[in-house]
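One-letter residues, chain by chain:
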Amino acid sequence: MGSVRLRGAGGADLTPRSQKARGALALLGTAPDLRLSRARLQDLLWSERGRQRGSDSLRQMLRELRAALGAEKGILLTGVGWVGLDAERLRIDLTPVYDAGGAPIEFAADIDVPDPEFETWLRDMRLRLTPDCDGPSFLQRPLPPPPLPEPWCAGEPAPGDYVVALQPVESNDARAHVIGEMILNEAAARACEMIPAVLADRHSAGAPQAGIQIGAICYAAGTDCSLMVVMRDLATGARGWTRRFTIRAADETATMRHAVAQIAVALLDRARRTAPPAQGLTFPVWDVFSYSRDRLESADRILAAMPRERQSGVALALRSYLRNTLISERLTEDPARCSDEAEAFARQARDLAPANPSVLAVASLSASWRRDAVGALELAQAACRNDPDNELACHALSQALTDVGRDLEALEATERGARGALAELGPASWLMRRAVVQLRLGRLGDAENSAAAAFAFAPDNRPSLRFLAALRYHRGDVAGAADALRHLRRIEPDFSLELMAEPDYPVAPLRMARLMGITRSGL
């Protein structure tokens, strides 16, 4: 943001002098996978020249760029028909910058390439990247109240539907009543999206229906509120779950979010225990956020077998999400096919639910996995605008912010998302996101602690063991590193230190942090 600059690891300014070379850096640095075809690069920078003259100009510009890079010229990659940057050796920083008056400075503000194609591209990129208000980062701006997610089915429950029936909240105080209603309605709506279930304000006692009835008492206790929640089986009336929460006035937002997350998780757990399996109910969300091939594939089979009328954008987004886990963790024999399927499901999900924050979040994560940093950031910000408290949206925003070098904001997004229901269900994924950000910030001890917690929650979590092995070895704990490698070899049979050292092995954060000494340890 602001002026385009390229700096070496030691801080040396490697920025080329010519406008076209700096324009090429801006193009490549914001392109998916950090690469463009030579034809596309030529069209954007020399659209008004003939093919041969444009090709000659491109070659000259690349020579100039290599000369400016000096000893770092290896970050400029070329192949048959394409030019790119080495994503393993380069960090893109799109942190917003502001002038003395607090107004945002636009992207590539110092570049003026007099070519109509480039000018069109630059105008579009500035619209996408320039903050839409003065002041600090996206997450620090006041956000609108979050809309409740829509339950998968509207209207009266039909025979065979799973129902979450809300009873009116009982209260001794108007403010406490509002707080209770807000918490119950948000928790129920979030859970219904994942069960899936029909959210009903009332339920006829004479209609036999699978589901949960949820009621609450919320009463004022000084400036605080005490919320008692009771869940009963809809068919039998048997009590299934009871919990009391204290909503503290001094920390109202955080304590309300905690209550929402806990109630949503309890609803999902009750549905998992009580929904008739033959009806194809309950998303296998616990398995979707696992790192086990068997559990991921089982979750996919369950989602695929859901009746057509119960298919939703969220279900398709989850099928996309778990495929990307299969790819990144080397759990599939056909990564190309798996990637195509993940993209197809993400597109179908957006067609069905274009504004759903979970769907947008998965689309953002898919863009991030494709190294489309700008697209990922745009989608994640849209997801958070639609629902700032959606934990998957915060997770995607953290990933996207990491991709563009905004690591402090990424940590803020991670901490916000870690307080949600999905983070309660699959904490390892959120803990490893935190570990990556902490690593980027140079907080190696914190990153190791986060990785250790992820492994404690999920013994099949491979990324946590890779982090633990590398970080322990780096600080001299050889025995601890060897123990992490022992666990890793047990759950990843083909693992070897030689394999870990290969460029395609999924340890990019460790590689970028120069923590690959473990691969030469001989352990």
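Computed from a predicted model, the values in this text were never measured in an experiment.

**A short note on the overall build of the protein**
Okay, step 1: Helix and strand content of the protein: 21 helices and 9 strands.
Okay, step 2: The C-alpha radius of gyration of the protein comes to 25 Å, within 12% of the 24 Å expected for a compact globule of 523 residues.
Okay, step 3: Here the C-alpha coordinates of the protein stretch approximately 80 × 55 × 50 Å along the principal axes.
Okay, step 4: In the protein, which comprises 523 residues, the share counted as buried stands at 53%.
Okay, step 5: A separation of at least 24 residues holds for 63% of the contacts in the protein among residues at least 6 apart in sequence.
Okay, step 6: For the protein, the exposed surface amounts to about 23100 Å²; the carbon and sulfur share of it is 51%.

**Some thoughts on unusual backbone geometry**
Okay, step 1: Phi is positive for R330, close to 55°, though the residue is something other than glycine.
Okay, step 2: Examined against the element boundaries, R330 turns out to sit in the loop between α9 (313-328) and α10 (335-352).
Okay, step 3: In this structure, R371 is a non-glycine residue whose phi angle is positive, near 65°.
Okay, step 4: With respect to the secondary-structure elements, R371 resides in the loop between α11 (357-369) and α12 (373-386).
Okay, step 5: Judged by relative accessible area, which is 36%, R371 ranks as partly exposed.

**Quick word on the nonpolar core**
Okay, step 1: Of all hydrophobic cores here, the largest spans 129 residues; its most connected members are F107 and I263.
Okay, step 2: Contacts of I263, omitting those with residues within four sequence positions, involve I183, L184, A187, I214, L227, V229, M231, W241 and F245.
Okay, step 3: In terms of nonpolar packing, the next biggest core, distinct from the first, is built from 33 residues, L465, L488, I491 and L510 among them.

**A short note on the side chain of D115**
Okay, step 1: Looking at where D115 falls in the secondary structure, it is placed in the loop between β3 (82-85) and α4 (116-129).
Okay, step 2: The side chain of D115 is buried and forms no salt bridge, while K20, the nearest opposite charge, is found at 5.7 Å.
Okay, step 3: What D115 contacts, discounting residues up to four positions off in sequence, is D43, L44, L45, W46, S47 and E48.

**Description of the pattern of salt bridges**
Okay, step 1: Counted under the stated rule, the structure contains 30 salt bridges.
Okay, step 2: Its salt-bridge partner being R434, residue E415 comes within 3.1 Å of it at the nearest N-O pair. Separated by 19 residues along the polypeptide, E415 in helix α14 (residues 407-417) and R434 in helix α16 (residues 427-440) bring together distant segments of the chain.
Okay, step 3: Using a relative accessible area of 29% as the deciding quantity, one classes E415 as partly exposed.
Okay, step 4: The partner of D483 in a salt bridge is R486, with the nearest N and O atoms 2.5 Å apart. Taken together, the residues D483 and R486, both in helix α19 (residues 478-491) and 3 residues apart, mark about one turn of the helix.
Okay, step 5: Residue classification places D483 among the partly exposed positions, given a relative accessible area of 29%.
Okay, step 6: The network of salt bridges with shared partners includes D300, R319, R323, D334, R337 and E341.

**A closer look at helix α3 (residues 51-69)**
Okay, step 1: Counted at 1.5 Å a residue, the expected span for α3 with its 19 residues is 27 Å, and the 27 Å between its end C-alpha atoms agrees.
Okay, step 2: Looking at the buried side of α3, the elements it contacts are α1 (19-29), α2 (38-45), β2 (76-79) and β3.
Okay, step 3: Just past α3, the residue G70 takes up positive phi, approximately 60°.

**Looking at the environment of R59**
Okay, step 1: Inspection of the secondary structure puts R59 in helix α3.
Okay, step 2: Of the residues examined, R59 reaches a relative accessible area of 38% and is grouped as partly exposed.
Okay, step 3: Taking the C-alpha atoms as reference points, R59 and V374, 315 residues apart in sequence, are found 27 Å from one another.
Okay, step 4: Within the structure, R59 has its side chain in polar contact with the side chain of D56 (distance 2.3 Å).

**What about the packing of aromatic side chains?**
Okay, step 1: Summed over the entire model, instances satisfying the criterion amount to 7 aromatic pairs.
Okay, step 2: For the pair F118 and W121, a centre-to-centre distance of 5.4 Å together with 40° between the ring planes defines the contact as tilted. Taken together, the residues span about one helical turn, with F118 and W121 both in helix α4 at a distance of 3 residues.
Okay, step 3: A relative accessible area of 0% places F118 in the buried class.
Okay, step 4: Judged by its relative accessible area of 13%, W121 falls in the buried class.
Okay, step 5: Site record: aromatic cluster; members linked through ring pairs are F289, Y321, W369 and W430.
Okay, step 6: Taking the ring centre of W82 as reference, the NZ or CZ of R35 above it sits at 3.7 Å.

Quick notes on the rules
Residues numbered from 1 in each chain as written. Predicted model: local features only at pLDDT ≥ 70, side-chain atom pairs only at ≥ 80, totals over all residues. Heavy atoms only, no water. Helix = DSSP H or I, 4+ residues; strand = E, 2+ residues; numbered from the N terminus. Rg over C-alpha atoms; globule rule 2.2 N^0.38 Å. Buried < 20%, exposed > 50% of the residue type's maximum accessible area, 1.4 Å probe, protein only. Contact = heavy atoms within 4.5 Å. Areas by Shrake-Rupley, 256 points an atom, 1.4 Å probe, with all protein chains shown as cover. Core = buried A, V, L, I, M, F, W, Y, C linked by side-chain atoms within 4.5 Å. Lys, Arg positive; Asp, Glu negative; His and termini not counted. Salt bridge = Lys/Arg side-chain N within 4 Å of Asp/Glu carboxyl O. Expected span 1.5 Å × (residues − 1). Polar contact = N/O pair within 3.5 Å; in protein donor to acceptor, adjacent residues only side chain to side chain. Phe/Tyr/Trp six-rings, centres within 6.5 Å; stacked < 30°, edge-to-face > 60°. Lys NZ or Arg CZ within 6 Å of the ring centre and 35° of its normal.

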